[in-house]
Each structure stands twice: as C-alpha cells, then as structure tokens.
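# Inside the fold
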Number of protein chains: 2
Amino acid sequence: MTKKSKISSNVVWHHATIDRQQREEMNGHKSVILWFTGLSGSGKSTLAHAVEDELYARKCRTYVLDGDNIRHGLCGDLGFSDADRVENIRRISELAKLFLEAGVISLTAFISPFRSDRDNVRNLVPHGDFLEIFCHCPLETCEERDVKGLYKKARSGEIKAFTGISSPYEAPQSPELVVNTGSETLEESTAQVIKLLVDRGIIQA
Amino acid sequence: MTKKSKISSNVVWHHATIDRQQREEMNGHKSVILWFTGLSGSGKSTLAHAVEDELYARKCRTYVLDGDNIRHGLCGDLGFSDADRVENIRRISELAKLFLEAGVISLTAFISPFRSDRDNVRNLVPHGDFLEIFCHCPLETCEERDVKGLYKKARSGEIKAFTGISSPYEAPQSPELVVNTGSETLEESTAQVIKLLVDRGIIQA
C-alpha cells in the first residue's frame, strides 16, 4: 500500500495510501451509495434516517446527506434554476463518491427528479456501488401530508417549478428497490432496504 | 435521539438521527479536522497520508482530502482565479465539516495560502474541531525538490500566480502545530501530529 515518493532531496518519504478495501475490512461491511429518490413528502429523508438508525445498531458506518446538511452548506451558493439543480446533484454525487471511498455507507435523500442526473451518479462509481431506491408515493398522498407546506405554495404559484406540480418527476425505470412509502409503515420500508443491503453483500445478515 | 415527525396522515413516522457523539463512541475516538497548510512541495499530502496510515493502525476512521480526489471531482468546475480559489477552499471546508459530523478524522492537504480562508474554516466548526498544521519548509527547499515540476513552470511564467513565486503565502500566525518538513524526517513529523491528537484528547495514547 506504499509507493515511493522522493519529496526531499535528502530523505525518501513513502507515500502511504489507505484504500477503500482496508477501510471496509476495518468496518466489517462494504460501502455503498443508497440513493433515495421521490417526490417531496414521499418520506426519503425519514426513511434514510430510519435505515441509518438500524445500521448504527448493527455497528455500520453511515452518513445521511439531505437538504438539512447540504443546502445551507456545500450547496449554499446554489438556487433552484435548472442549471443550479444539476450542479446541486453533481456535487452531492461527488460527495457520495468520497464517502464511498472512505468506507462509509452514504444515504442521500433528494428529490433528484431527473433520470439523467441519477444516471450520472450511477456512472460515476463502480457497478453495484450505487443503489437507487424509489420512494413511491402518490402525489395526492404527498400533497395531503404537505409537511412543509410546500405543495400549498406550489399550487398558489408562490413556488415556481415545483416537482410533481409544475415540474416533472421522472420515475426510475429500473431502480434496485421500490418502496411504497404511501402505504407501507416505516418499519416495513426500512426492512426492505436492510434486506437489499444483505442480499447485495454490503452488510451481514 | 428521535423526534416525532408525522409524515403520513395515517402513520406516525419517527425521525431518527444518529449524532456525532454516537458515531465517536462507536469509533472509539473523536472526530476533528486536521488542516495541513504550506507551500507546494512542503509535504502536506505525504504527511497527511503518513498520519492516516498511523491512525489506521490504531483503528481510527480517517479520510484524506487533497488535490487528487477533489480537483477532478467536487471542484472539477473550478479554475485558479482568486474567486475560484476561495470557492475551492469553501467547498473543501464544508466537506470537512460533513466528515466531522460523520465521526471521521479528515486530513486536508491544500496550499490554502490565505489566512482569511483558513480562518473561515476555523469559524465554521466548533472550537477545537479545527487543528491547523503548518508544514514549514523553506521556499528554496520546495523549489529544489520541485516534485511536480511546477516551480520551473512558475519561474518561466508558464504558470501564473503561483504561491511563493508570484502569489503570496500567508503563514499561519498561531497554528496548533508547526512541523518543519524541510528538515525533519517523515517519521518525526508524523509523530508530532499524533502527539497533538493525543494531547487534545482526540485519540487515545
């Protein structure tokens, strides 16, 4: 795991590199990107945190990336134009890739409505390292919940280009998992994600 | 660690949040940002990787952020103008903050020549979570090494605004640690950083 690197004219320094596999061995599980996608109010963030809770109990290293810790920080300079939305997802995907290399299971919870953006993430990492989880919930249910009051603002025109109302949501065509967050309990949805991780050999049963 | 969140009109979902302290307990060490700063060729990246190697042997969770994994990815859209340099450091600092929350010891290896930029990182996180490590190495030594051939290009004018040659390097005024990477061995510098981590209670002796 070392390559020679002569950085002094007098002393040979060795450039050590701990790699992903070593981190995974130390952690006792593999790393992966769990990409939750779905309408606003479909339960992405809540499900991601519930899965993290279960993984923590299993002593796995995880991190949830969602609007709470991204929109005010790394992407605080971005608005909601088409270009800014693309850049937002691009940065999140690069971030998730770094966590992947760091041996961490990252769980991203963003609407990420465009298929091309999600495919870009998939293509950014090795095959099998990106698991797309579609939080399938009827628009009517999301709008009825309207936890953040956003649908009301979208209907009134106060928010422009709101996904599902005035901007399209492109549902995944072949996601690794579909969870019906409109009808299942949180426990049921969580169990399905955990099963996916076990089936894929990411974590132990 | 749970707060109630009614995201369905029928079912109450609980919003679980694993926090930094829980991650640190699982890891058996605290998280921190080790910010290596210094001239090109001063050994920042090599030292960061050597420290990571030692921390890995102690079963600590770490990740090195340097030009290799940042400039082509997260900051691949940025050039080397003043504004782009500031944005580059801003994104890296936000990234380091996320790793901090994830319970990981991050080691950043960027020239980061401007005091104001480094102070911004310091002010972004709680007191004590940012440890500035000045890789002090005479310009002459860095230029003599010139591992990447950059100084030669800077002297010929092929590279503009090169730190130390045609752009200033503002040395830290009160860094948590100064390592003399021009005269010490890699082992000596590494030991000093490890001692700092022990003294600060980040890792166990």
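Since the structure is predicted, the reported quantities are computational estimates derived from the model, not experimental observations.

With that settled, the discussion passes to the overall build of chain A. Secondary structure assignment for chain A yields eight helices and seven strands. The proportion of buried residues among the 205 residues of chain A is 54%. Partitioning the contacts of chain A with sequence separation of at least 6, the portion at a separation of at least 24 is 70%. When the accessible area of chain A is evaluated, it comes to approximately 9,100 Å², of which 50% is carbon and sulfur surface. Here chain A holds 26 positive side-chain charges and 29 negative ones, and the gap between their average locations is 5 Å.

Facing the 51 residues of chain B at the interface are 50 residues of chain A. For the pair chain B and chain A, the summed buried surface comes to about 4,700 Å²; carbon and sulfur atoms form 61% of the total. Between chain B and chain A we count four salt bridges in total. Of the charged contacts in the structure, one is a salt bridge between Arg23 of chain A and Glu52 of chain B, with a shortest N-O distance of 3.2 Å. On the surface where chain B and chain A come into contact, there are 18 residue pairs in polar contact (both at pLDDT 80 or more). When contributions to the side of chain B that touches chain A are tallied by element, the ones reaching two or more residues are strand E2 (13-16), helix H1 (20-27), helix H2 (44-57), strand E4 (62-66), helix H3 (67-70), helix H4 (82-101), helix H6 (139-145) and helix H8 (186-199) of chain B. With eight residues, H4 of chain B is the largest single contributor of residues to the side of chain B that touches chain A. In terms of residue class, the side of chain B that touches chain A is made up of 18 nonpolar, 18 polar and 15 charged.

Okay, the environment of Ala96 of chain B next. All names here are of chain B. Here Ala96 lies in helix H4. A C-alpha to C-alpha distance of 8.3 Å links Ala96 and Leu107, two positions 11 residues apart in sequence. Residues in contact with Ala96, not counting those within four places in the same chain, are Ile33, Leu65, Ser106 and Thr108.

Applying the stated criterion to the full structure yields zero disulfides over all chains. There is no disulfide at Cys60 of chain B, and the cysteine sulfur nearest it, in Cys60 of chain A, is 19 Å away. Left without a disulfide partner, Cys75 of chain B is nearest to the cysteine sulfur of Cys75 of chain A, which lies 11 Å away. When its relative accessible area of 0% is taken as the criterion, Cys75 of chain B is described as buried.

The subject of this paragraph is the packing of H2 of chain B against H8 of chain B. All names here are of chain B. Between H2 and H8, whose axes approach to 9 Å, the crossing angle comes to 60°. Relative to H8, H2 is oriented oblique. H8 is crossed by H2, and the crossing has right-handed handedness. For the pair H2 and H8, contact is made by Thr46, Leu47, Ala50, Val51, Glu54 and Leu55 and by Leu186, Ser189, Thr190, Val193, Ile194 and Leu197, respectively. Considered class by class, the residues forming the contact of H2 with H8 number eight nonpolar, three polar and one charged.

Residue and element names in this part refer to chain B. Taken in spatial order, the five strands line up as E4-E5-E3-E6-E7 in an open sheet, and their pairing is parallel. Two strands lie at the open edges of the sheet, namely E4 and strand E7 (177-179), each paired on one side alone. Going across the sheet, the axis of each strand differs from the next one's by a mean of 20°, ignoring polarity. Pairing of E4 with strand E5 (residues 105-109), which is carried by five bridges, proceeds in the parallel orientation. Of the residues in E5, the one forming a bridge with Asp66 is Ala109. Strand contacts of H2: strand E3 (33-37), E4, E5, strand E6 (130-135) and E7, with the helix running at about 170° to E4, the strand carrying the most contacts.

Quick look at the confidence of the model for chain A now. Detailed reading of predicted coordinates is not advised where the pLDDT is low. Residues and elements named next belong to chain A. On average, chain A scores 91 in pLDDT, and the residues at 70 or more come to 92%. Between residues 1-12, whose pLDDT stays under 50, and residues either more than four places distant or in other chains, the model counts 27 contacts. For this predicted complex, the interface score ipTM comes out at 0.90, while the overall pTM is 0.91.

What follows deals with the pairing of strand E5 (residues 105-109) of chain A. Residue and element names in this part refer to chain A. Among the five residues that make up E5, five are buried, leaving the element largely enclosed by the rest of the structure. Side chains of E5 alternate between two faces, with Ile105, Leu107 and Ala109 and Ser106 and Thr108 buried alike. When strand E3 (residues 33-37) meets E5, the two strands line up parallel, connected through four bridges. Residue Trp35 lies in a different strand from E5, and its bridge partner there is Thr108.

Glancing now at the relation of the copies chain B and chain A. For the pair chain B and chain A, the best superposition has an RMSD of 0.0 Å and corresponds to a rotation of 180° with a translation of 0.0 Å parallel to the axis. What the rotation and shift describe, once combined, is the action of a two-fold rotation axis. Looking at the rotation axis and the C-alpha trace of chain B, the residue lying nearest is Leu95 of chain B, at 3.8 Å. Interface overlap between copies: 98% of the residues of chain B at the interface are likewise at the interface in chain A, consistent with a symmetric, same-surface contact.

What follows is about helix H4 (residues 82-101) of chain A. In a regular helix each residue adds 1.5 Å, so 20 residues correspond to 28 Å; H4 of chain A covers 29 Å between its end C-alpha atoms and thus fits that length. Positive phi appears at Gly103 of chain A, one or two residues downstream of H4 of chain A, with a value of about 85°.

Bringing the nonpolar core into the picture now. By size, the foremost hydrophobic cluster in this structure holds 42 residues, and its most contacted members are Phe99 of chain A together with Phe99 of chain B. Breaking this core down by element, the ones donating at least two residues are E3, strand E4 (62-66) and H4 of chain A together with E3, E4 and H4 of chain B. In contact with Phe99 of chain A, other than residues within four places in its own chain, are Tyr63, Leu65, Val104 and Ser106 of chain A together with Leu98, Phe99 and Ala102 of chain B.

The next point concerns the side chain of His29 of chain B. Residues and elements named next belong to chain B. One can find His29 in the loop between H1 and E3. Polar side-chain contacts of His29 include one of 2.8 Å to the backbone nitrogen of Arg61. The contacts of His29, once residues within four sequence positions are left out, are Glu24, Lys59, Cys60, Arg61, Gly103, Ile105, Ile202 and Ile203.

Cut-offs applied
- Residues numbered from 1 in each chain as written.
- Chains lettered and ligands numbered in written order.
- Predicted model: local features only at pLDDT ≥ 70, side-chain atom pairs only at ≥ 80, totals over all residues.
- Heavy atoms only, no water.
- Helix = DSSP H or I, 4+ residues; strand = E, 2+ residues; numbered from the N terminus.
- Buried < 20%, exposed > 50% of the residue type's maximum accessible area, 1.4 Å probe, protein only.
- Contact = heavy atoms within 4.5 Å.
- Areas by Shrake-Rupley, 256 points an atom, 1.4 Å probe, with all protein chains shown as cover.
- Lys, Arg positive; Asp, Glu negative; His and termini not counted.
- Charge placed at Lys NZ, Arg CZ, Asp CG, Glu CD.
- Buried area = accessible area lost by both parts, 1.4 Å probe.
- Salt bridge = Lys/Arg side-chain N within 4 Å of Asp/Glu carboxyl O.
- Polar contact = N/O pair within 3.5 Å; in protein donor to acceptor, adjacent residues only side chain to side chain.
- Nonpolar A, V, L, I, M, F, W, Y, C, P; charged D, E, K, R; others polar.
- Disulfide = S-S within 2.5 Å.
- Axes fitted to C-alpha atoms, helices over the stretch in contact; angles between N-to-C directions.
- Parallel < 35°, antiparallel > 145°, perpendicular 65-115°, else oblique.
- Left-handed = near helix turned anticlockwise from the far one by under 90°.
- Pairing = 2+ DSSP bridges.
- pLDDT = per-residue confidence, 0-100.
- Least-squares fit on C-alpha atoms with pLDDT ≥ 70 in both.
- Expected span 1.5 Å × (residues − 1).
- Core = buried A, V, L, I, M, F, W, Y, C linked by side-chain atoms within 4.5 Å.

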